[in-house]
2 protein chains.
Amino acid sequence: MKRLKTLFLLDPEVTFLNHGSFGATPRPVLENYQDWQCRLEYQPVQYLVRELQGNFRTARQKLASYLKIDPENLVYVPNATFAVNVIARSLVFQPGDELLTSNHEYGACDNIWDFLSQKKGLKVIHQDIPIPLPSKEDMIEIIWEGVSEKTRLIFLSQITSPSAIRLPVEEICQRAREAGILILVDGAHAPGQMDLDLNQLGADFYTGNCHKWMMAPKGSGFLHIRSEHQSLVEPLIVSWGWGENCPYENDSRLQSILEWWGTKDPAAYFSTPSAIAFQQEHQWDKIREECRNLLAGALQRIEILTGLQSIYGENENNFIQIGAAEWPREWNPENLQSWLYDRHKIEIPVIQWKDRWLIRPSVQGYNSQEDLDLLVQALGEYKTKEQ
Amino acid sequence: MKRLKTLFLLDPEVTFLNHGSFGATPRPVLENYQDWQCRLEYQPVQYLVRELQGNFRTARQKLASYLKIDPENLVYVPNATFAVNVIARSLVFQPGDELLTSNHEYGACDNIWDFLSQKKGLKVIHQDIPIPLPSKEDMIEIIWEGVSEKTRLIFLSQITSPSAIRLPVEEICQRAREAGILILVDGAHAPGQMDLDLNQLGADFYTGNCHKWMMAPKGSGFLHIRSEHQSLVEPLIVSWGWGENCPYENDSRLQSILEWWGTKDPAAYFSTPSAIAFQQEHQWDKIREECRNLLAGALQRIEILTGLQSIYGENENNFIQIGAAEWPREWNPENLQSWLYDRHKIEIPVIQWKDRWLIRPSVQGYNSQEDLDLLVQALGEYKTKEQ
């Protein structure tokens, strides 16, 4: 994989093991992004009026085919947080209505529900999934135990952000549909790390980022809404596309009310197909598998170093390109992240989750065995210092 | 001014007289924009975590000084429509509360108030300012006649979009403050066309676009909120910055809740100072004056051609770089815009406003007398054809 590193713009002096936070974009994709920007400046009205809807349609079709869905039910959004806000602010919650989620969710999304708790009296139920993880069946039961008659919406990450675990969203989606409860899946980390078939998954609402593991430029995400629920959705930002006189020739109301809200640069959306093409050209299935193996080896070595059990417990294979290992509370985890960067130029997050500390390496196509060796060696050095 | 044209990326084959819709960005500013994007890709975590707030602070300071306000009361937003949504969705309207506005506002913003009318029972009062315009004093009286005991907010454009007229917002702001009524000014077209002193203007809420007449890259706008009203404002998109555990070291709550809502490309904000510098380097005050003179001459020639009175009526000098002239209903105005483009490659909007049709030329530093000559000549040809 080492040869792939030159295809990225990343600082060669840094051992970059934090693809998970913001992604990284390959040169040809960034070039395509900036080329769209120059095309806009060549004829702004041609680009932003006469050609805009056609270019959106093409970009949606490519993404829809990648996600195995109908493009009519898909909109581009800047990121998953934006999309979760769209759903959260559209649904009508009565005081006492319940939102069921886990205790592994992304902080910004936790804030959305807390906001609705303050404003609308929404009750937020965080089901407690312990680490090391129980079996998949037990995880399903733990989550489902949180369902009550008042459950209005279930919100779960497909791959969690602080702990990098895969939640059993396939099974929860199925149960939710059987029970007639709406479910919103936050796939911020999923597309690009795993092959998705969103029609089969069957979530009522599904959002993901294209700028993380799909490697599109920053500010490209999507929201998929099953057609039967689209009438529930309102615009987050009211603009030309809302109301009876919508001037856009869109394929669906969803696209009119959500996708275009005043002048901005749509290049991140329009260059997302080039990020999909990049993966195909470089046989990303194989790269992903190599990454997973490198990550598995590194996590194992970290666990040997710390003497702590894998956080994946009975769910041994529950990660792909992003994973986590616990770091002992006694070994100064607060300063580990900055020490790794300042001393060894290793960029990796060390995250406090509840009263535990997790090292969360990401492995992407530009990484190599040497990167993970350096990480493990540095952690050994820190252990000697802090033990 | 002709020499300035090469500093823009605009298609040399097109006579571009529609700066007003989306702006156009000079090469050095676009280069700065794309340079920020490359810097992001060089070290995404350094850029989006450790350096983000500092770069926002610098970009805010430059813009605040340009607008003559305190940077603590300023946030970057993607565009003015976004900012109007922030205020519209934050204020608590009771059924029957009134929003006072004009009948010259931007369609997307009209939609925002219609949305609140449907959802919250807000009553929208459009004061009817006729064209040709009455005197400034009469315009002030016409607008103010719409105030009632139930007026909760006044919303006015500083320079209107469909009709390119300057509304007397200075005087209305003063009256609103005396009456204790909140006022939101939509300055989408103002910054860059006129020198602003927002502190002196005294609007409670003021939004503008940097990507139009300031020539910043697409997706750069701002919202200024007087400090005494900031507690009224809620996030449009709830993210990390809302709530007690905001991880950002911002200068104000306003910035925490409004400015950063998940991963996206902040380059349009960060390159706005280079757009300000570009104006200064090229003595934009003089360019603006030249543009105004070119525009005034062209409007006069169009009025001679049509035999219709200036829409500015008793407000003779009520435009700067964007203006409008009426086109006779009888001379096929519906097809004029596309004919001008298809036949003469002249890009200019022809806008239906109520039952009238307005040609709305913009003149920017890249335009020349020849562009306006070509416009007038083409309009003469169309007249001969359709008269």
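Attention in this report is confined to the structure presented alongside it. (Residues numbered from 1 in each chain as written. Chains lettered and ligands numbered in written order. Predicted model: local features only at pLDDT ≥ 70, side-chain atom pairs only at ≥ 80, totals over all residues. Heavy atoms only, no water.)

## Some remarks on the overall build of chain A
For chain A, the helix and strand inventory stands at 15 helices and twelve strands. For 387 residues, the compact-globule estimate of 2.2 N^0.38 gives 21 Å, and the C-alpha radius of gyration of chain A, at 21 Å, lies within 12% of that figure. Principal-axis analysis of the C-alpha atoms gives chain A an extent of 70 × 55 × 35 Å. In chain A, once contacts between residues fewer than 6 apart in sequence are set aside, the share between residues at least 24 apart is 73%. Working note: accessible area of chain A is about 14000 Å², and carbon and sulfur atoms make up 44% of it. (Helix = DSSP H or I, 4+ residues; strand = E, 2+ residues; numbered from the N terminus. Rg over C-alpha atoms; globule rule 2.2 N^0.38 Å. Contact = heavy atoms within 4.5 Å. Areas by Shrake-Rupley, 256 points an atom, 1.4 Å probe, with all protein chains shown as cover.)

## Let's talk about the interface of chain B and chain A
At the junction of the two partners, chain B supplies 60 residues and chain A supplies 60 residues. In total, about 5400 Å² of surface goes out of reach between chain B and chain A, with carbon and sulfur atoms giving 60% of it. Our count for the chain B to chain A interface comes out at six salt bridges. Between A:Glu41 and B:Lys218 there is a salt bridge; the shortest N-O distance is 3.4 Å. Counting across the interface, chain B meets chain A through 35 residue pairs in polar contact (both at pLDDT 80 or more). When contributions to the side of chain B that touches chain A are tallied by element, the ones reaching two or more residues are helix H1 (19-22), helix H2 (27-42), helix H3 (44-50), helix H5 (80-90) and helix H6 (107-120) of chain B. Class assignment for the residues of the side of chain B that touches chain A results in 30 nonpolar, 19 polar and eleven charged. (Buried area = accessible area lost by both parts, 1.4 Å probe. Salt bridge = Lys/Arg side-chain N within 4 Å of Asp/Glu carboxyl O. Polar contact = N/O pair within 3.5 Å; in protein donor to acceptor, adjacent residues only side chain to side chain. Nonpolar A, V, L, I, M, F, W, Y, C, P; charged D, E, K, R; others polar.)

## As for the pairing of strand E6 (residues 182-187) of chain B
Residue and element names in this part refer to chain B. Burial of E6 is extensive: six of the six residues sit out of reach of the surface. After leaving strand E5 (residues 151-157), the chain enters helix H8 (residues 169-179) and then returns to the sheet as E6, a path that is right-handed. As judged from the four bridges shared by E6 and strand E7 (residues 205-209), these two strands associate in the parallel manner. Note that in E7 the partner of Asp186 across the bridge is Thr207. (Buried < 20%, exposed > 50% of the residue type's maximum accessible area, 1.4 Å probe, protein only. Right-handed = clockwise from strand over helix to strand, strands pointing away. Pairing = 2+ DSSP bridges.)

## Focus: the relation of the copies chain B and chain A
When chain B is fitted onto chain A, the two copies agree to an RMSD of 0.0 Å after a turn of 180 degrees and an axial shift of 0.0 Å. On the angle and the small slide along the axis, the relation comes out as a two-fold axis. An overlap of 100% is found between the interface residues of chain B and their copies at the interface of chain A, pointing to a shared contact surface. (Least-squares fit on C-alpha atoms with pLDDT ≥ 70 in both.)

## Details of H8(B)
All names here are of chain B. Of all the positions in H8, only Val169, Ile172, Cys173 and Ala176 are classed as buried. End-on, the buried residues of H8 take up no more than an arc of 105 degrees, which puts them together on one face. Residues Gln174 and Glu178 are exposed on H8 and point more than 90 degrees away from its buried face. Looking at the packing, one finds that the buried side of H8 touches helix H7 (136-144), E5, E6 and helix H9 (198-201). (Arc of directions from axis to C-beta.)

## Digging into the sheet that holds strand E11 (residues 350-353) of chain B
Residues and elements named next belong to chain B. Read from one edge of the open sheet, three strands run E9-E12-E11, paired in antiparallel fashion. Since the sheet does not close on itself, it has two edges, and those belong to strand E9 (325-327) and E11, each with one partner. The sheet shows a mean angle of 40 degrees between the axes of neighbouring strands, taken without regard to direction. Where E9 lies against strand E12 (residues 356-359), three bridges are found, and the strand directions are antiparallel. (Axes fitted to C-alpha atoms, helices over the stretch in contact; angles between N-to-C directions.)

## A few points about the environment of B:Leu308
Residue and element names in this part refer to chain B. With respect to the helices and strands, the residue Leu308 is situated in the loop between helix H13 (284-306) and E9. Its relative accessible area of 30% is what places Leu308 among the partly exposed residues. If sequence neighbours within four positions are ignored, Leu308 has contacts with Glu303, Glu326, Trp327 and Pro328.

## Side note on helix H14 (residues 336-344) of chain B
Every buried residue belonging to H14(B) is among B:Leu336, B:Trp339, B:Leu340, B:Tyr341 and B:His344, and all of these are buried. Buried-residue contacts for H14(B) involve helix H3 (44-50) of chain A together with E9, strand E10 (346-347), E11, E12 and helix H15 (369-386) of chain B. The positive-phi residue at the C-terminal boundary of H14(B) is B:Lys345, with phi of around 55 degrees.

## Topic: the state of the cysteines
Summed over the entire model, instances satisfying the criterion amount to zero disulfides over all chains. Counting only cysteine sulfurs, B:Cys38 is the nearest neighbor of A:Cys38, a cysteine outside any disulfide, at a range of 11 Å. In this model B:Cys246 remains outside any disulfide bridge; the closest cysteine sulfur is found in A:Cys109, 16 Å from its own. Overall, B:Cys246 belongs to the partly exposed group, its relative accessible area being 24%. (Disulfide = S-S within 2.5 Å.)

## A look at the nonpolar core
A:Leu63 and B:Leu63 are the most contacted members of the largest nonpolar core, which has 218 residues in total. Residues contacting B:Leu63, with those up to four places away along its chain left out, are B:Leu74, B:Tyr76, B:Cys210, B:Met214, B:Phe222 and B:Ile276. The next biggest cluster of nonpolar side chains, apart from the first, holds 67 residues, and it includes A:Val124, A:Leu153, B:Leu223 and B:Ile237. (Core = buried A, V, L, I, M, F, W, Y, C linked by side-chain atoms within 4.5 Å.)

## A look at the sheet that holds E7(B)
For sheets, the rule is that strands pair by backbone hydrogen bonds, running either parallel or antiparallel. Residues and elements named next belong to chain B. Sheet architecture is open: seven strands sit in the order E2-E8-E7-E6-E5-E3-E4, paired in mixed fashion. On the outer flanks of this sheet lie strand E2 (74-77) and strand E4 (123-127), each paired with one strand and no other. Neighbour-to-neighbour, the strand axes of the sheet open up by a mean angle of 20 degrees, direction not taken into account.

## Digging into empty space enclosed by the protein
Under the counting rule described, the total for this entry stands at four cavities of 30 Å³ or more. Of the volumes computed, that of the largest cavity is approximately 320 Å³. Lining the largest cavity we find 22 residues, and of these A:Lys264, A:Asp265, B:Gly219, B:Lys264 and B:Asp265 sit closest to its centre. The element contributing the most residues to the lining of the largest cavity is helix H11 (residues 267-270) of chain A, with three residues. Here the residues of the lining of the largest cavity are counted per class, giving 13 nonpolar, three polar and six charged. Of the pockets and cavities examined, the second largest cavity occupies roughly 160 Å³. A:Thr81, A:Tyr106, A:Ala188, A:Asn209 and A:Lys212 are the residues nearest the centre of the second largest cavity, which is lined by 17 residues in total. Classifying every residue of the lining of the second largest cavity by side-chain character gives five nonpolar, ten polar and two charged. (1 Å grid on protein atoms, 1.4 Å probe; cavity = no way out; pocket = protein on both sides within 12 Å on 5 of 7 lines; lining within 4 Å. Points joined across faces, edges and corners; volume = space filled by probe spheres on them.)

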